[in-house]
Every structure is written in structure tokens, then in C-alpha cells.
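# Descriptive analysis of the structure
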Amino acid sequence: MNVRFDLDPSVTPEVRDGICALWADVSNAGGAVGFIPPVTPEEIRPELLRHLTALAEARERLIIGRDADGRIAATAFLAFNRHPMYGHWLWAGTVMVRPALQGRGVGRALMAAVADTARGIDGMIGIRLTCRGGTGLRRFYETCGYREIGRVPRGLKLADGDFRDDVTMWLDLA
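Counting of residues starts from 1 at the beginning of each chain's written sequence and follows it residue by residue. Only residues with pLDDT of at least 70 are given local features in this predicted model, and only at 80 or more are side-chain atom pairs given and counted; all residues enter the totals for whole chains, interfaces and linings. Processing note: side-chain calculations cover all non-hydrogen atoms of the structure and skip hydrogens and water entirely.

The terminal C-alpha atoms of helix H2 (residues 41-56) lie 21 Å apart, and with 16 residues this matches the ideal 22 Å at 1.5 Å per residue to within 8%. Fitting axes to the seven residues that end at a residue and to the seven that start at it, the angle between those axes gives the bend at that residue. Helix numbers and strand numbers start at the N terminus; a helix is a DSSP run of H or I with at least 4 residues, a strand a run of E with at least 2. By the largest-angle criterion, glutamate 47 marks the main kink of H2, which is about 30 degrees. Any residue under 20% of the maximum accessible area for its type is buried, any over 50% is exposed, and the rest in between are partly exposed; the area is computed with a 1.4 Å probe on protein chains only. Among the residues making up H2, those that are buried are Ile44, Leu48, His51, Leu52, Ala54 and Leu55. Against helix H1 (13-28), strand E2 (60-66), strand E3 (72-80) and strand E4 (89-97) lie the buried residues of H2. Phi turns positive one or two residues past the end of H2, at alanine 58, with a value near 60 degrees. Every helix has an expected span of 1.5 Å times one less than the residues it contains. Any two residues whose heavy atoms approach within 4.5 Å are treated as being in contact.

Spelled out as C-alpha cells, the structure:
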């Protein structure tokens, strides 16, 4: 699958709604992107608006991937740290690939675009992200060069009696 990645696209209604629809699709397919299914785009929209506000305030960057038809197929947000002691690394979050495209190399290409973007920012030495234990995401991120640097056992509660580890991963950019 050929996906074209863009950094910091103009946030048009089409982009905003495309990200919101992707986020709902990924969440409802069981993706670990902050919501528990079932979820609607309307329920996701307030969280997306927080990200878009951070973009407008230059506290975050956005990478989107578009498929051959121009539809949004993948996203990742890169968040700058506000505290000067942490200003040398970025957070990667809301990393999503359309469920129908998973397993076709789009996620790996997205993570390469994330790393390339971070390397282009003066002074950045690493990228940090978290993922939900028990999903296979740790292994995926390891194949992209990340390594596990921490874990909070049972740090995420998905439902009564359903706890998952909150896993922290790191990519050295040097």
C-alpha cells in the first residue's frame, strides 16, 4: 500500500474530520489509542481538538499519511516537552493506521517518518512513547528501533478486572 506522509498539514475540515474518523475506526477495531470501544467520532472530537490546539500553539507537530485516494490512512502527533530539562526529546502519541492497512508496512513507514521528523528538529536526541501491554505493540515498536525503558504493571484499567501494563518505549536518534 502506497501512503504519502505530510508534516504539519493545514488543518482543514477534511483533515480534522478524517483524523476523527480514523481515530474512531482504530478505537473500534480494538486499537490502543486512548478510547475503549464502542466510541463515536463525536466522543473523540474533544480530545482531537486538544491536539489541534497544541498544534496551533506550536506545542505539537502532526504527521498524516494519505492513501492513493487522498484519504487519511495514518497519523502520529509529536509533542514537545515544556520543561527545559526534557526539551531534548519528544513524545510520539496517537499513532494510528487504518485497520484495513495494518500489516502492510504502513505503520513502519509512519514510524520512520516520525523519526525523520524528530531528527530534523535541532537538539532532539530521542522519542518516547507509551503503549498498552498485551497488544503486540511493544514488539512492533521494537522492530522500529525502540526499546522498552519502563513499565507500570496494571497501569491501565480498560474495564472492571481488565488491567494492562503501561509500557514506555524509547528511540535514540543519535
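To continue, consider the sheet that holds E4. Sheet architecture is open: 7 strands sit in the order E1-E2-E3-E4-E5-E7-E6, paired in mixed fashion. Looking along the sheet, the strands with just one partner apiece sit at the ends: strand E1 (4-7) and strand E6 (147-159). The sheet shows a mean angle of 25 degrees between the axes of neighbouring strands, taken without regard to direction. Here, strands pair whenever DSSP counts at least two bridges between them. Taken together, the 8 bridges between E6 and strand E7 (residues 162-172) define a ladder with antiparallel strand orientation. When the sheet's bridge partners are listed, glycine 150 is paired in E7 with threonine 168. For helices, the fitted line uses only the C-alpha atoms of the stretch in contact; every axis is such a line through C-alpha atoms, and the angle between N-to-C directions lies from 0 to 180 degrees.

On to the side chain of asparagine 81. Note that asparagine 81 resides in the loop between E3 and E4. Classification of asparagine 81 by relative accessible area gives buried; the value is 18%. Throughout this description, a polar contact denotes any pair of N or O atoms lying within 3.5 Å of each other; where both atoms belong to protein, one of them has to be capable of donating a hydrogen while the other can accept it, and for residues adjacent in sequence the pair is counted only when both atoms sit in side chains. A polar side-chain atom of asparagine 81 sits 3.3 Å from a polar atom in the side chain of tryptophan 91. Residues within four places of asparagine 81 in sequence aside, it is in contact with Tyr86, Gly87, Trp89, Leu90 and Trp91.

Moving on: the pairing of E3. For E3, the buried fraction is high: 8 of the 9 residues fall into the buried class. Summarising the sheet, E2 and E3 pair through 7 bridges and their orientation is antiparallel. Each bridged residue has a counterpart across the sheet, and for arginine 66 the counterpart in E3 is isoleucine 72. Two successive antiparallel strands, E2 and E3, enclose a turn made up of 5 residues, where glycine 70 displays a positive phi of approximately 85 degrees.

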